[in-house]
Amino acid sequence: MRRMSVRALPLLVLPAARATPWTAFLAAAGVGLAIVAVPAVFRVELTVEDLVGLLRAAAVCGALGLAFLLDDPAARTIATVPTPRPLRYAARAGVILPAAAAWWALVLTITGHGALLPLGGVTVEAAALGAVALAVGAVRLRSGDNGGIVAAPAVLVLVVAASRIPPHLALYVPPGDERWAAAHHRWAALLAAAVLVSVWAAVEPVRARSSMMTEID
Amino acid sequence: MTAALAERPAPTAPRPGDPRRAMLALARTEGVRLLRHPAVIAGLLLFTGPEIYRWLTGRANRFPVLSDEDWSTQFLALLVLGGGALIAANLAALRADRHATTGLYDTLVLPPAWRTGAFLLAVLPFTVLVAVLTATRIALLAALPGSAGRPDPAELALHPAVVLLFGAAGVLLAGLVRTVIVAPLLLLAAAVAVYAAGLSSLPGHVRWLLPVALEQPPMPVPVALTSRPSGRHLAYVAGLIALVALAALVAAGARNRRLVMAGAAALSVTAGAGAAQYLPVSDAVRDARATAAERPAEMQDCRSIGSVTYCAFGGFEPWTGGWDAVVRGVLRAVPAEAAGQPFVIRQRVSTDDRMLDGRVVTAEEQAAAAAEWQRIEPGAVTVGTRWGDGRSEMSLAGLVAYQVVTHESAPAHIPVCGARGVLVAWLAGQATPATAAGLRAVDATSWGGVPFGDMQFPVGFSVPDREMAAASALLRRPPGDVATTVARSWAELTAAGTSADRAGELLGVPVPPLPPVEERTRCDG
């Protein structure tokens, strides 16, 4: 049963792409691109710190867009189909993650100055924010239909909170700061935690699931 | 909505065709729901939490400049309070749509435009809460014995105004785009625009057309010198609020002549006040700035304590006690004949940003600027308009110590080497616990030498790392013992030619070896 489901994964990718609510992601991705493109087009001279600030704002846009990508109005009605929720999420992730990665690559390309900017660190920040958005969305989807309306404000709250915590625990540090490495260890930990929560939240929230599965198997 | 209908008292049922009471009932219910919305509560926590934490842990500045504090929280208010209002109001106005119950609402007594009116009114309770919060904060700051200046009511009123504007924008967006993603994106775009327009490296004309005008002034200034068009900006934002609210009503289908007239009035207020923000700075402010730069004494009250005279701008008088504690701390450690000379501590301001990115200043220009600065009152020690952060204390202590040791006015940010450097840094560090903490903080973040004096002023100096190391070793010893040793060798230690190594021998502290030639500081002294 389960092996069959996994084999169905490649077949699910195209329908998953069709079922994904892209509007929100495209709107957010567009705003994110605009944030980095406007200074690039007008050739505004910006410092490394300002450029990193723009990338961070674009990353927040991307996370806001990702927050809505797991939403599925039909989720409740298809809880009993042979393809379980983790597999459906895996199919969605197979569509979402390449799209988000391509968008981020485009953002980095437009920003330019690749040699000057700490791109790795900023990418970890962006990945962590995106993962938090998906994790909060997935947790919310266990009990409701709309993950995005909780996950998007949660991302904004996280970003503002991250920029206001005391200096020795800072997450947003300026490039070149001696706390950069330590801050990015914390970002990586946040990313790992968000991925774990997403994986946990992907399991179908059904009571006494194990006994039911045994019966079906 | 059901709750609102249930609450309506049965005997006084509304007259048919007068939906006003139903609108108010809905507004009341929605107002309470907005206040309880997680986004609003998170915004309130993010606005107040870090400040309360700073006060509880003793890191807050007890010498706030109220004419700076009144507008410096506006951006944060836009981000967290305005953001909370925007998201909560948008989600509330989209609730029927999200739950696919729009069709059912057609059976209710309240037409869509009146429902929208209710959602707009529902932002008011939160706006009032923000007004109370802002007023309480500034009142608590003003009650501190060390508070300086006075707040501008228009700058304070902008906090609730921004919340109302963003709440109304949330309702308008719900009428235009039936997607919840738009509100957070608008918030993010607005925050980026306000922040970018506030960068001092960019031309600043756009910033006054945004809800909040962020600026990076070189330092706080006395009230008479402030040039922010706060009243006109508040009128501009009030016009924007009216325009956004009217647009939301029109988007909901409202059409009548009163709306058109109100729209025309709001548009003229917005355009008029928006343009008026660009009027040149008034003559009074320009004169006050010239006077403050050229003849600061005319705007100041002086107070003598012992042989030291302290002159502060109007509103900054509460700081003279703090200045005196630092000056006493320096003079306590020097021999009586050196400590007895009369001093003038003069508060100065600089409205010209000397730290702009890319501004190159040669040593000659620096020296000329310092000479011009000292010309106004030779021999007076400069103190700025910041206090209570450790650095300001340590800078004043350093400038006083420099004057006591060298009998010269502060130089143009040149290094002070040799025994004089060691002595000046030690005198500054031992003056008060605040100067010691400020010196440690600056030493930890500086490279090559420790700067004394605000970089926005043309006068100041630095003590190279080598001299600083000896001074730090001295600061770890009991100050009384060091003061006795210093008094014994005062003449040799204060002589211009005495080296740092000799100072180390006299005072009994190790001095690090000279660094390689390419890393040495060029010593003018």
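Chains are numbered independently. Their residues run from 1 in the order of the written sequence. Chain letters and ligand numbers both follow the written order, the letters beginning at A and the numbers at 1. Predicted model: local features are reported for residues with pLDDT of at least 70 only, side-chain atom pairs are reported and counted for 80 or more only, and whole-chain, interface and lining totals are derived from all residues. Excluded from the side-chain calculation are hydrogens and water; included are all heavy atoms of the structure.

If you check an unreviewed UniProt entry, chain A appears there as ABC transporter from Actinoplanes campanulatus.

Further remarks concern the domain arrangement of chain B. Residues and elements named next belong to chain B. The domain boundaries here were taken from an automatic or database domain assignment. In terms of domain boundaries, chain B breaks down into domain 1 (2-222) and domain 2 (293-519). In this assembly, 15 residues from domain 1 lie in contact with 20 residues from domain 2. Any carboxyl oxygen of Asp or Glu within 4 Å of a side-chain nitrogen of Lys or Arg constitutes a salt bridge here. Between the two partners, domain 1 and domain 2, sit 0 salt bridges. Two N or O atoms count as a polar contact when they lie within 3.5 Å, although within protein this holds only if one can serve as hydrogen donor and the other as acceptor, and sequence-adjacent residues are included solely when both atoms are side-chain atoms. Inspection of the region where domain 1 meets domain 2 yields 5 residue pairs in polar contact (both at pLDDT 80 or more). Under the scheme applied, nonpolar residues are Ala, Val, Leu, Ile, Met, Phe, Trp, Tyr, Cys and Pro; charged residues are Asp, Glu, Lys and Arg; polar residues are all the others, including Gly. Across the side of domain 1 that touches domain 2, the residue classes break down as 9 nonpolar, 6 polar and no charged. In this analysis, two residues are considered to be in contact whenever any of their non-hydrogen atoms come within 4.5 Å of each other.

Further remarks concern the sheet that holds strand β1 (residues 300-305) of chain B. All names here are of chain B. A sheet is described by the order of its strands in space; here 4 strands give the open sequence β1-β2-β3-β4, paired in mixed fashion. Each edge of the open sheet is held by one strand with a lone partner, namely β1 and β4 (381-383). Ignoring which end each strand starts from, the neighbouring axes of this sheet average 20 degrees apart. Should DSSP find at least two bridges between two strands, the strands are regarded as paired. Working definition: helices are DSSP H or I runs of at least four residues, strands are E runs of at least two. Numbering for both runs from the N terminus. Axis angles are defined between N-to-C directions and span 0 to 180 degrees, where every axis is a line fitted to C-alpha atoms and, for a helix, only to the segment in contact.

Consecutive residues of a regular strand have side chains that alternate between opposite faces of the sheet. All names here are of chain B. Looking at chain direction, β1 and strand β2 (residues 308-313) are connected through 6 bridges and run antiparallel. Looking at β2, one finds that R303 is bridged to Y310. Here β1 hands over to β2 after 2 residues, with G306 in that stretch at a positive phi of 65 degrees.

Moving on, we come to the environment of G82(B). Residues and elements named next belong to chain B. Inspection of the secondary structure puts G82 in helix α5 (residues 74-93). With 45 residues separating them along the chain, G82 and T127 place their C-alpha atoms 9.4 Å apart. In contact with G82, other than residues within four places in its own chain, are A77, V163 and F166.

Quick look at helix α12 (residues 230-251) of chain B now. Residues and elements named next belong to chain B. Taking 1.5 Å of rise per residue, 22 residues should cover 32 Å, and α12 covers 31 Å from first to last C-alpha, within 8% of that figure. Burial here depends on accessible area, computed with a 1.4 Å probe over protein chains only, as a share of the maximum for the residue type. Under 20% is buried, over 50% is exposed, and the range in between is partly exposed. Taken as a whole, α12 has its buried residues at S230, H233, Y236, V237, G239, L240, I241, V244, A245, L246, A248 and L249. Buried residues belonging to α12 abut α8 (112-121), α10 (153-176) and α13 (257-276). In the segment just after α12, G253 is the residue with positive phi, at about 105 degrees. Helix span, as expected, comes to 1.5 Å for every residue beyond the first.

Glancing now at the UniProt feature "transmembrane region" (unreviewed entry) in chain A. Residues and elements named next belong to chain A. UniProt positions are given in the numbering used here, feature names are shortened, and annotations may be inferred rather than shown by experiment. Sites flagged by UniProt as "transmembrane region" (unreviewed entry) map to residues 50-70, 90-110, 116-139, 146-165 and 185-203. Span residues 50-70 is 81% helix and 0% strand, its end C-alpha atoms 32 Å apart. Helix makes up 100% of residues 90-110 and strand 0%, with an end-to-end C-alpha separation of 30 Å.

So, on to empty space enclosed by the protein. Site definitions follow a grid-based scheme: protein atoms alone, a 1 Å grid, a 1.4 Å probe that fits but cannot get out for cavities, and for pockets an open set with protein on both sides within 12 Å along at least five of seven lines, plus lining residues having an atom within 4 Å of a point. Grid points are joined across faces, edges and corners, and a volume is the space filled by probe spheres set on the points. Applying the stated criterion to the full structure yields 4 cavities of 30 Å³ or more. Approximately 60 Å³ is the volume found for the largest cavity. Of all the secondary structure elements, the ones that give two or more residues to the lining of the largest cavity are β4 and α18 (391-406) of chain B. Among the residues making up the lining of the largest cavity, the classes are represented as 5 nonpolar, 4 polar and no charged. Its boundaries defined by the atoms lining it, the second largest cavity holds a volume of some 50 Å³. Along its surface, the second largest cavity is lined by F68(A), G148(A), I149(A), A152(A), P153(A), I87(B), N90(B), L91(B), V180(B), A183(B) and P184(B). Within the residue set of the lining of the second largest cavity, elements represented by two or more residues are α7 (148-164) of chain A together with α5 and α11 (182-198) of chain B. A per-element tally of the lining of the second largest cavity places α7(A) first, with 4 residues.

Residues and elements named next belong to chain B. The contact between α8 and α12 brings their axes to 8 Å, and the two run at 150 degrees. By the angle between their directions, the pair α8 and α12 is classed as roughly antiparallel. Handedness of the crossing formed by α8 with α12: right-handed. The residues of α12 that touch α8, namely those facing A113, T116, G117 and L120, are A245, A248 and L249. Classifying every residue of the contact of α8 with α12 gives 5 nonpolar, 2 polar and no charged. Convention used here: angles under 35 degrees read as roughly parallel, angles over 145 as roughly antiparallel, angles from 65 to 115 as roughly perpendicular, and any remaining angle as oblique. The sense of a crossing depends on the near helix, which, turned anticlockwise from the far helix by less than a right angle, makes the crossing left-handed and, turned clockwise, makes it right-handed.

Each partner contributes residues to the interface: chain A has 25 residues there, and chain B has 22 residues. Buried area: the accessible surface (1.4 Å probe) lost by two parts on joining, summed over both. Both faces combined, the contact of chain A with chain B buries some 2000 Å², and carbon together with sulfur accounts for 82% of it. Taken together, chain A and chain B are joined by 1 residue pair in polar contact (both at pLDDT 80 or more). When contributions to the side of chain A that touches chain B are tallied by element, the ones reaching two or more residues are α3 (22-41), α4 (48-66) and α7 of chain A. The leading source of residues in the side of chain A that touches chain B is α7(A), at 8 residues.

The next point concerns unusual backbone geometry. Backbone geometry places A100(B), a non-glycine residue, at a positive phi of 55 degrees. When you line up the elements, A100(B) lands in the loop between α6 (95-98) and α7 (102-105).

Residue and element names in this part refer to chain B. There is about 1100 Å³ of room inside the second largest pocket. Together, 43 residues line the second largest pocket, and W208, E215, S227, R228 and R289 are the ones closest to its centre. Breaking the lining of the second largest pocket down by element, the ones donating at least two residues are α4 (66-72), α10, α12 and α14 (283-294). The dominant element in the lining of the second largest pocket, judged by the number of residues it contributes, is α4, at 4 residues. Across the lining of the second largest pocket, the residue classes tally to 19 nonpolar, 13 polar and 11 charged. Looking at which domains feed residues into the lining of the second largest pocket, each of domain 1 (2-222) and domain 2 (293-519) supplies at least three.

This paragraph deals with the packing of aromatic side chains. Between two aromatic rings, the relevant description is the distance of the centres plus the angle of the planes. Here the aromatic set is Phe, Tyr and Trp, taking the six-membered ring for Trp, and pairing holds for ring centres within 6.5 Å; pairs whose planes are under 30 degrees apart are stacked, those over 60 apart are edge-to-face, and all others are tilted. In total, this model carries 10 aromatic pairs over all chains according to the counting rule given. Judged by centre distance (5.2 Å) and plane angle (65 degrees), the ring pair of Y172(A) and W187(A) falls under edge-to-face. Separated by 15 residues along the polypeptide, Y172(A) in the loop between α7 and α8 (180-201) and W187(A) in helix α8 bring together distant segments of the chain. For Y172(A), a relative accessible area of 19% gives the class buried. Classification of W187(A) by relative accessible area gives buried; the value is 0%. Between F452(B) and F461(B) the ring centres are 5.0 Å apart and the planes differ by 10 degrees, which places this aromatic pair in the stacked class. F461(B) gets classed as buried once you look at its relative accessible area, which sits at 1%. Through successive ring pairs, a cluster of aromatic residues spans F63(B), F316(B) and W319(B). In this analysis the charged atom, NZ for Lys or CZ for Arg, is taken to sit over a ring once it is within 6 Å of the ring centre and within 35 degrees of the ring normal. Across from the ring centre of W200(A), 4.4 Å away, lies the NZ or CZ of R142(A), which sits over that ring. Positioned above the aromatic ring of W373(B) is the side chain of R348(B), whose terminal nitrogen or guanidinium carbon lies 3.8 Å from the ring centre.

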